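Close look at the chain arrangement
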Amino acid sequence: DQQVKQNSPSLSVQEGRISILNCDYTNSMFDYFLWYKKYPAEGPTFLISISSIKDKNEDGRFTVFLNKSAKHLSLHIVPSQPGDSAVYFCAASVRTGGGADGLTFGKGTHLIIQP
Amino acid sequence: DVKVTQSSRYLVKRTGEKVFLECVQDMDHENMFWYRQDPGLGLRLIYFSYDVKMKEKGDIPEGYSVSREKKERFSLILESASTNQTSMYLCASSFSRVADTQYFGPGTRLTVL
């Protein structure tokens, strides 16, 4: 049973426009969410995170929004640049309670920025 | 900057061989993780460790074992490699026992013939 879902395997956006990547989760115990970016033949790099006590976190061109009631989060990239073309993974964890069970990842969305 | 290194970027092995994948982190992180990444399946957790000599099974531990003799080093072992273990293997580490931001190594692309 997939607890973190990224329903769009790929997304194509024109350079300069906004890219919106979506992620849904089913486990209501998740309280910490992260986005990772991955280029081919490289390891994922951490992009941005958000705790469940917040509904928005911003870092430069990247903003993550969290809607707990809908169990949905999204990553906004504005403006989109060619170097943003990569696979983006949404991940979630249960941070409270002292567990260390790793992150639960979605299957990823391949973002393609068109010139 | 956190640095996680993996012993090989590309590896080709034969079915039945014993394979060792090594991972080293230089930031004194408590937690270390092994994932595999396959097209359409995302990242799946194989094993993790939250202390020296401690290990916990992840979602897909079958066919794998791990070793953590030193805090900075976490090894993934394929006792008898099979073709369905052809994959990208990713090591990660995080600071504390409580789930935290994980930092990944560059990955090892393993092909089992």
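First, a word on scope: everything that follows refers to the structure included in this document. Along each chain, residue indices are assigned from 1 in the same order as the chain's sequence is written. Whichever chain is written first is A, and whichever ligand is written first is 1; the rest continue in order. Confidence filtering applies because this is a predicted model: local features only for residues at pLDDT of at least 70, side-chain atom pairs given and counted only at 80 or more, and all residues used for totals across whole chains, interfaces and linings. The basis for the side-chain values is all heavy atoms of the structure; hydrogens and waters are excluded.

**Section: the overall build of chain A**
Selection criterion: Put simply, DSSP marks the helices as runs of H or I at least four residues long and the strands as runs of E at least two long, and each gets a number from the N terminus on. The quantity called the radius of gyration is restricted to C-alpha atoms. Its globule counterpart is 2.2 Å times the number of residues to the power 0.38. Accessible surface is estimated by sampling points in the Shrake-Rupley manner with a 1.4 Å probe; for residues, cover comes only from the protein chains shown. Residues scored as charged are limited to Lys and Arg (positive) and Asp and Glu (negative), so that His and the chain ends carry no count. By convention, charge coordinates are those of NZ in Lys, CZ in Arg, CG in Asp, or CD in Glu.
Assigned secondary structure in chain A consists of zero helices and 11 strands. Listing each helix as α and each strand as β along chain A from the N terminus yields β-β-β-β-β-β-β-β-β-β-β. Taken over the C-alpha trace, chain A has a radius of gyration of 14 Å; the compact-globule value for 115 residues is 13 Å, and the two agree within 12%. Taken along the three principal axes of its C-alpha coordinates, chain A extends 45 × 30 × 20 Å. Summed over its atoms, the accessible surface of chain A is roughly 5500 Å², and 49% of this surface lies on carbon and sulfur atoms. Here chain A contributes 11 positive and 10 negative side-chain charges, whose respective centroids are spaced 2 Å apart.

**Some remarks on the packing of aromatic side chains**
Put simply, the rule is: Any two rings among Phe, Tyr and Trp, with Trp reduced to its six-membered ring, count as a pair given centres within 6.5 Å; such a pair is stacked if its planes are under 30 degrees apart, edge-to-face if over 60, and tilted if neither. Note on classification: 1.4 Å probe, protein chains only; a residue is buried when its accessible area is under 20% of the maximum for its type, exposed when over 50%, partly exposed between these limits.
Under the definition given, this model contains 12 aromatic pairs over all chains. Relative to Phe105(A), the ring of Phe89(A) has its centre 6.3 Å away and its plane inclined at 85°; by these criteria the two rings are edge-to-face. In this pair, Phe89(A) is assigned in strand β9 (residues 86-93) and Phe105(A) in strand β10 (residues 104-105), connecting sequence segments 16 residues apart. Like Phe89(A), the residue Phe105(A) is buried in the burial classification. Taken together, the aromatic side chains of Tyr36(A), Phe46(A), Phe89(A), Phe105(A), Phe33(B), Tyr35(B), Phe48(B) and Phe104(B) make up a single cluster linked through ring pairs.

**Digging into the state of the cysteines**
Stated precisely, the cut-off is as follows: Two cysteine sulfurs form what is called a disulfide whenever their separation falls within 2.5 Å.
Here the structure, examined in full by the defined rule, presents two disulfides over all chains. Bridging Cys23(A) to Cys90(A), the disulfide has an S-S length of 2.0 Å. Disulfide Cys23(A)-Cys90(A): the torsion about the S-S bond is -75°, which places it as left-handed. Separated by 67 residues along the polypeptide, Cys23(A) in strand β3 (residues 19-25) and Cys90(A) in strand β9 bring together distant segments of the chain. Each member of the pair Cys23(A) and Cys90(A) is classed as buried. Here Cys23(B) connects covalently by a disulfide to Cys91(B), the sulfurs 1.8 Å from one another. Torsion about the S-S bond of the Cys23(B) and Cys91(B) cystine: about -75°, corresponding to left-handed handedness. Placement of the pair is Cys23(B) in strand β3 (residues 19-25) and Cys91(B) in strand β9 (residues 87-94), with a sequence separation of 68 residues. For the pair formed by Cys23(B) and Cys91(B), the shared burial category is buried.

**With respect to the interface of chain A and chain B**
How big an interface is tends to be stated in terms of accessible area lost as the parts join. Defined as follows: Residue contacts follow a heavy-atom distance rule, with two residues in contact if any of their heavy atoms lie within 4.5 Å. Accessible surface is computed with a 1.4 Å probe, and the buried area is the amount of it that two parts give up when combined, taken over both parts together. Each polar contact in these results corresponds to two N or O atoms within 3.5 Å; when the atoms are within protein, one needs to be able to donate a hydrogen and the other to accept it, and residues that are neighboring in sequence are counted only if both atoms are side-chain atoms.
Contacts between chain A and chain B engage 22 residues on the former and 23 residues on the latter. Buried surface at the junction of chain A and chain B, both sides included, amounts to about 1800 Å², of which 59% is carbon and sulfur. Across the chain A-chain B interface, the total number found is six residue pairs in polar contact (both at pLDDT 80 or more). Secondary structure elements with two or more residues in the side of chain A that touches chain B: β4 (32-38) and β9 of chain A.

**Topic: the side chain of Gln6(A)**
Residues and elements named next belong to chain A. Checked against the element boundaries, Gln6 lands in the loop between β1 (4-5) and β2 (10-14). Judged by relative accessible area, which is 7%, Gln6 ranks as buried. Within the structure, the side chain of Gln6 is placed 2.9 Å from the backbone oxygen of Tyr88, a separation counted as a polar contact. What Gln6 contacts, discounting residues up to four positions off in sequence, is Asn22, Cys23, Trp35, Tyr88, Phe89, Cys90, Gly106, Lys107, Gly108 and Thr109.

**So, the sheet that holds strand β7 (residues 62-67) of chain A**
As a general point, the strands of a sheet are linked pairwise by backbone hydrogen bonds and lie either parallel or antiparallel. All names here are of chain A. The line we're drawing: Two strands qualify as a pair provided that DSSP identifies no fewer than 2 bridges between them.
What the five strands build is an open sheet, ordered β1-β3-β8-β7-β6; its pairing is antiparallel. Lying at the two open borders of the sheet, with one neighbouring strand each, are β1 and β6 (56-59). Here β7 runs beside strand β8 (residues 72-77); their pairing, made up of six bridges, is antiparallel. The residue bridging Thr63 from the neighbouring strand is His76, located in β8.

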